[in-house]
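This is what each chain is made of:
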Amino acid sequence: MVRGCRLGALAALLLGLSAGAFAEDKDKARLFNTFFLEGDSVTWYLVFRADRSFEIISPDGRKATGQFVASDKEIYIAGRHFQYKFQSSDVTFTPTEKDGAGAGILSELPPRDRSQKAKFYSAQSWQKMGRDATPPKVVAEPPKEPERQPQPPAPLPENPVIAAQVQARPVAAAKVAGGYAYADPQQREHRLSLTEGGTFEYQGPDGRKANGTYVYLNGEITLDSGFHRRHFDLAETPGGVLMTRRDTDVLKPGDPLGEMPPQERVSLTYRKRENAAPPPVVAPVPDPVTTEVKPIPPAPLPVVQPEEKPAPKPPEAVGKVPEAEKPKPPEPAANAPASLEAMAGSYVFRPNPLVTETWVLKAGGTFDYSDSNGAKVSGTAALDRGVLHLKAGEVERSFKVSVQGNLLVLTRTNEDNPKITNDLSTMSPSASPEAKYEKR
């Protein structure tokens with residue numbers, strides 16, 4: 001009787017665990033399937049299993065396996081990070097701002113650009129369309145060359161001074177390890193801790209924290225919390241470090257690490273918290289003089305010539321900037337339109353076969369922009385000496401404009417460095433210097 005009760009309790013426990021696991025994966029159950037990249041034949045072949053293992057085969061037969069992590073909206077696969085959305089049993093992947101370079105063939109898995117999407121058909125849909133579901137033939141990996149055994153290091157010199165200097169050389173992480181603090185203009189304290197083991201913790205003035213790992217190399221530091229990544233130039237200064245945002249650094253409102261200063265393209269000093277004020281310097285007290293000291297005659301004073309003051313400028317010249325020093329506006333492009341009215345119309349541009357951008361300019365000085373991925377923004381437009389200025393909220397863009405037949409050519413100026421706060425910042429040209437919009 002006792003044995004029967006124990007078996008019944010064990011069965012109930014196992015049933016409860018399996019039910020819990022099913023409930024945990026219910027929101028992502030459609031992800032555990034075999035998928036084929038949209039097309040007429042098998043190219044990319046993806047398999048995701050409920051035990052979080054994956055198998056991916058590229059069109060040329062290279063194969064990658066490993067573990068993936070997924071929520072109900074996002075999936076992380078070997079350095080790649082996508083947002084996914086199902087339509088029936090088919091799934092569409094869109095890179096997130098956390099998407100990285102990827103390991104091995106994952107670096108080539110589409111979509112690569114954040115403005116692109118890639119649709120993958122499930123095995124059920126693929127077979128319903130009458131297509132061959134045979135995966136690409138896997139190519140054997142070339143044999144690895146035997147690793148060369150490193151040569152034993154030369155013995156340290158016997159000189160104790162040199163030996164101490166060699167031993168005291170810091171590793172890259174230890175070089176910047178420590179606790180730092182930055183006081184913003186409102187005198188609120190931001191704290192950053194870097195350990196010698198390569199981990200960090202940031203705490204904002206409101207008490208929110210972000211922690212993770214960091215990499216410091218050649219004056220550059222990358223902080224990665226797993227949810228967001230920041231990139232800075234870092235230089236050591238007396239009593240602290242100087243941090244400057246790199247061109248690849250991206251902010252993320254609402255995320256502690258994404259809001260960490262600096263938020264502008266300026267350099268800020270984080271001072272070491274453990275640094276104490278240096279002790280006051282006390283001048284030594286001289287011994288009492290016991291011998292007669294003869295006075296030293298004062299040196300003759302130097303003859304100071306009266307300073308010649310420059311003649312005052314005539315009133316009409318004061319405040320005027322010489323013509324040679326005035327900044328020259330950019331030269332207009334060839335075939336530049338004469339006015340916004342001459343440019344008014346609807347234009348389309350396709351940066352790739354999967355994305356279409358639509359830009360509508362109105363003669364009154366307003367515009368509407370959208371793309372097939374859901375981007376949408378409106379703002380104002382102005383034309384100055386062949387340079388088009390667009391503004392929407394905090395984002396400003398500037399392009400040289402020229403007309404080539406039915407094409408409107410936009411070329412980024414040197415001043416085109418928009419804030420990434422709305423969809424105008426991604427309007428082409430953004431990754432490339434030029435975009436040719438076709439007039440409808």
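The rules behind the values
Residues numbered from 1 in each chain as written. Predicted model: local features only at pLDDT ≥ 70, side-chain atom pairs only at ≥ 80, totals over all residues. Heavy atoms only, no water. Pairing = 2+ DSSP bridges. Helix = DSSP H or I, 4+ residues; strand = E, 2+ residues; numbered from the N terminus. Axes fitted to C-alpha atoms, helices over the stretch in contact; angles between N-to-C directions. Buried < 20%, exposed > 50% of the residue type's maximum accessible area, 1.4 Å probe, protein only. Contact = heavy atoms within 4.5 Å. Polar contact = N/O pair within 3.5 Å; in protein donor to acceptor, adjacent residues only side chain to side chain. Salt bridge = Lys/Arg side-chain N within 4 Å of Asp/Glu carboxyl O.

A. Region of the structure containing the sheet that holds strand S9 (residues 178–183). Spatial ordering of the closed barrel is given by S9-S10-S11-S12-S13-S14-S15-S16, a layout of 8 strands whose pairing is antiparallel. Along the sheet, successive strands turn relative to each other by an average axial angle of 35°, direction set aside. The pairing of S9 with strand S16 (residues 267–272) spans 2 bridges and is antiparallel. Paired with Tyr 180 across the strands is Lys 272, a residue of S16.

B. Geometry of unusual backbone geometry. Cis peptide bonds are those with omega within 30 degrees of zero, and the linkage from Pro 110 to Pro 111 qualifies with 0°. Residues Ser 428 and Pro 429 are joined by a peptide bond in cis, for which omega reads 0°. Relative to the assigned elements, Pro 429 resides in the loop between strand S23 (407–412) and strand S24 (434–439). One non-glycine residue, Arg 52, lies in the positive phi region at around 70°. The class for Arg 52 is buried, based on a relative accessible area of 17%. Notably, Ser 88 is not glycine yet its phi reads approximately 65°, a positive angle. With respect to the element layout, Ser 88 can be found in the loop between strand S6 (80–87) and strand S7 (90–95). Note on Ser 88: relative accessible area 58%, which makes it exposed.

C. Molecular detail of the sheet that holds S24. Within the closed barrel, the 8 strands sit side by side as S17-S18-S19-S20-S21-S22-S23-S24. Their pairing is antiparallel. Taking each pair of neighbouring strands and ignoring which way they run, the sheet shows an average axis angle of 30°. Sheet analysis places strand S21 (residues 387–392) next to strand S22 (residues 395–404), joined by 6 bridges and oriented antiparallel. The partner of His 389 across the bridge, within S22, is Ser 398.

D. Representation of the environment of Tyr 347. Among the structural elements, Tyr 347 can be located in strand S17 (residues 345–352). For Tyr 347, a relative accessible area of 3% puts it in the buried group. In this structure the C-alpha to C-alpha distance between Tyr 347 and Thr 358, which are 11 residues apart in sequence, comes to 5.8 Å. Beyond its immediate chain neighbours, meaning those up to four positions away, Tyr 347 contacts Glu 357, Thr 358, Trp 359, Leu 408, Tyr 437, Glu 438 and Lys 439. Within the structure, the side chain of Tyr 347 is placed 2.5 Å from the backbone oxygen of Met 343, a separation counted as a polar contact.

E. Layout of the pattern of salt bridges. What the rule picks out here adds up to 22 salt bridges. Between Arg 246 and Asp 233 there is a salt bridge, with its nearest N and O atoms 3.2 Å apart. Of this pair, Arg 246 sits in the loop between strand S15 (240–245) and S16 while Asp 233 is found in strand S14 (residues 229–237), placing the two residues 13 residues apart along the sequence. One salt bridge connects Arg 397 with Asp 416, and the closest N-O pair in it is separated by 2.8 Å. Of this pair, Arg 397 sits in strand S22 while Asp 416 sits in the loop between S23 and S24, and the two are 19 residues apart along the sequence.

What is shown is where atoms sit, not what they do.
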